[in-house]
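# Architecture and fold: a report
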Amino acid sequence: LPSPTQAIPVIIVGAGPAGCGTSFFLSKAGIQHIIIDKASFPRDKVCGDAISGKSVYVLRTASEEMLQELRMDFDNICPSPGLTFVAPNGKALAIGFGKDKAGHSPGFTATRLHFDNYLFSKLDRKFATVYEDATVLSMERNGGGWLVRIQTPQGVRQFQAKLVVGADGEKSIVRKMLGLSTASPKASAVGLRAYYRNVKGLETPEGAGNIELHFLPELLPMYLWIFPMPGGMANVGVGMPSADVRDKKINLREQMLNAIANNPALSERFKDAELEGKILGWGLPTSTTKQALSGDGYILVGDAAHLIDPFSGEGIGNALYSGMKAAQAIERAIPADDYSAANLKALYDDPLYKRLWGELKTSALLQRLSRYPFLFNFVINKANRSPTLKKTITGMFVDADLRKQFSQPGFYLKMLMNR
Ligand SMILES: Cc1cc2nc3c(=O)[nH]c(=O)nc-3n(C[C@H](O)[C@H](O)[C@H](O)COP(=O)(O)OP(=O)(O)OC[C@H]3O[C@@H](n4cnc5c(N)ncnc54)[C@H](O)[C@@H]3O)c2cc1C
């Protein structure tokens with residue numbers, strides 16, 4: 001027999017960064033909700049494990065205390081002092097991220113096994129009813145919102161909710177049940193992740209080295225990353241637009257292992273390296289056109305909303321940020337009891353796109369420019385010779401609005417003129 005129907009304002013499907021982000025801010029606003037995940041925590045997620053300043057901003061806004069506890073745990077997190085770009089011609093450009101007033105680097109790395117479990121452990125059970133090993137069986141639209149049936153280890157539960165938040169990642173079941181496109185958008189990418197021990201050159205005398213992006217000529221437009229991790233480990237991976245992988249029938253795994261073994265810039269560093277566990281792949285949903293992120297009675301956040309940055313592949317920051325914005329929208333929709341598509345667009349899509357769209361558009365352009373190795377070589381050669389240009393580029397990485405300059409021809413023209 002199904003359990004009696006329980007009324008609840010909000011159901012969040014998925015308890016990764018997007019779902020936890022939504023839950024933190026709903027709890028702060030005192031809004032009761034259910035959050036379910038089909039996995040039980042701790043669980044892994046294929047990722048580069050680089051957690052940016054944007055994630056830190058959202059976590060600080062949720063709880064300064066939580067952020068401090070997380071980033072003082074040096075057994076499990078590794079602060080990132082900066083970013084090193086290696087151009088196709090082998091020249092490197094190192095950009096320091098600087099430190100905040102309290103002396104912290106703005107970003108860090110942590111395995112998703114640890115990071116996501118930490119977020120999950122911080123769900124506020126006073127407002128969040130949490131189900132692990134649970135999935136949605138059906139979502140039926142009715143006068144009061146949604147009748148949602150959930151399979152839990154304790155049996156089937158039935159809820160009447162005003163609003164459903166789809167935070168269930170790249171293969172979102174909520175998208176599927178809403179009849180939205182589930183095929184990865186044209187602009188999407190696929191990536192591989194491997195953990196290695198004993199990679200050389202991850203340390204500097206001051207501590208962990210920069211996170212590294214290598215634009216190797218044999219891999220373009222794909223790049224290979226090497227991210228120093230806690231415990232002397234390295235997260236190594238590659239990402240490439242899905243269309244290239246499909247059209248050119250590229251074997252990502254083979255290409256990555258080839259580059260590590262044979263590229264002169266890498267082979268020495270990987271000579272004694274040992275692979276830990278398996279090389280795993282997963283999709284990176286990005287959009288280059290504005291899509292609706294909500295509709296009648298629902299909001300999509302994180303990867304379920306296709307919010308990954310098309311150039312850097314970064315998605316944790318936007319997952320947390322969209323979760324925060326979704327909770328703020330819900331807080332405003334509840335008093336008016338208005339969960340219509342028009343109201344949710346005004347309360348969620350519009351403010352979110354206002355903050356993120358410029359950044360996503362610039363990144364899409366940069367992603368296209370990365371097909372032209374000469375541009376990379378040119379910028380990195382010049383920046384290494386001109387401290388002013390290096391400073392400008394550093395600023396561009398810290399400030400997403402300044403990054404727009406990369407996509408303007410005037411920027412390259414100026415570089416040509418100012419030798
Ligand atoms: C190879 C690779 C490298 C990447 N590197 C980086 C990086 O270095 N930095 C960065 O910021 N981003 C990176 N990303 C992107 C980042 O991993 C995602 O953007 C991020 O995980 C999105 O968070 P999310 O909460 O939206 O989704 P997820 O983290 O995927 O969480 C979704 C949750 O929903 C649950 N779920 C799924 N289906 C159901 C269901 N039917 N019912 C209930 N629950 C369900 C899942 O178990 C999961 O816990 C990378 C991605 C890939 C593939």
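It should be emphasised that the depicted structure is a prediction, and the values quoted were computed from it without experimental measurement.

Scoring rules and cut-offs
- Residues numbered from 1 in each chain as written.
- Predicted model: local features only at pLDDT ≥ 70, side-chain atom pairs only at ≥ 80, totals over all residues.
- Heavy atoms only, no water.
- Near = heavy atom within 4 Å.
- Polar contact = N/O pair within 3.5 Å; in protein donor to acceptor, adjacent residues only side chain to side chain.
- Helix = DSSP H or I, 4+ residues; strand = E, 2+ residues; numbered from the N terminus.
- Nonpolar A, V, L, I, M, F, W, Y, C, P; charged D, E, K, R; others polar.
- Core = buried A, V, L, I, M, F, W, Y, C linked by side-chain atoms within 4.5 Å.
- Buried < 20%, exposed > 50% of the residue type's maximum accessible area, 1.4 Å probe, protein only.
- Contact = heavy atoms within 4.5 Å.
- Pairing = 2+ DSSP bridges.
- Axes fitted to C-alpha atoms, helices over the stretch in contact; angles between N-to-C directions.
- Left-handed = near helix turned anticlockwise from the far one by under 90°.
- Parallel < 35°, antiparallel > 145°, perpendicular 65-115°, else oblique.

### Quick word on the site of the ligand
The full set close to the ligand counts 37 residues, and Asp37, Arg43, Gly48, Ala50 and Asp303 are the nearest of them. Within the backbone of Gly48, an N or O atom sits 2.7 Å from a nitrogen atom of the ligand. Between the ligand and Asp303, the relevant distance is 2.7 Å, taken from an oxygen atom to a side-chain nitrogen or oxygen of the residue. Among the elements of the structure, α1 (17-28), β12 (189-197), β16 (223-228), β18 (274-284) and α9 (316-336) are those that each provide at least two residues to the shell around the ligand. Here the residues of the shell around the ligand sort into 18 nonpolar, 10 polar and nine charged.

### Regarding the nonpolar core
In terms of nonpolar packing, the biggest core is built from 75 residues, with Ile11, Phe24, Leu59, Phe115 and Ile299 touching the most fellow members. For this core, the element with the highest residue contribution is α9, accounting for 10 residues. Not counting residues up to four positions away in its chain, the partners in contact with Phe24 are Leu59, Ala62, Met66, Leu119, Lys122 and Leu123. Met222, Leu224, Met256 and Ala273 belong to the second-largest nonpolar core, a separate cluster that totals 24 residues.

### What to know about the sheet that holds β16
Spatially, the seven strands line up as an open sheet ordered β6-β5-β15-β16-β17-β12-β18, and their pairing is mixed. Each edge of the sheet is formed by a strand with only one pairing partner; in this case those strands are β6 (92-96) and β18. Looking at each pair of strands side by side, their axes are set apart by 15 degrees on average, direction ignored. Note: β12 against β18, eight bridges, orientation antiparallel. Note that in β18 the partner of Arg197 across the bridge is Glu274.

### Description of helix α4 (residues 112-121)
Since the α-helix turns once every 3.6 residues, residues separated by three or four places project in the same direction. Within α4, seven of the 10 residues are buried, leaving the element largely enclosed by the surrounding structure. Three or more residues of α4 are buried, namely Arg112, His114, Phe115, Asp116, Tyr118, Leu119 and Phe120.

### What to know about the packing of α1 against α9
Viewed as axis vectors pointing N to C, α1 and α9 meet at an angle of 35 degrees, and their least axial separation amounts to 7 Å. Here α1 and α9 pass one another in a crossing that is right-handed. Residue-level inspection shows Pro17, Ala18, Gly21, Thr22, Phe25 and Leu26 of α1 in contact with α9, the latter providing Ile316, Ala319, Leu320, Gly323, Met324, Ala326, Ala327 and Ile330. For the contact of α1 with α9, a count of residues per class yields 11 nonpolar, three polar and no charged.

### Quick look at the packing of α1 against helix α2 (residues 53-62)
Contact geometry of α1 with α2 gives a least axis separation of 10 Å together with a crossing angle of 25 degrees. Between α1 and α2, the interaxial angle falls into the category roughly parallel. Viewed along their axes, α1 and α2 form a crossing whose handedness is left-handed. Every residue of α2 that contacts α1 at Phe24, Phe25 and Lys28 is listed here: Val58, Leu59, Thr61 and Ala62. Of the residues in the contact of α1 with α2, the class split is five nonpolar, one polar and one charged.

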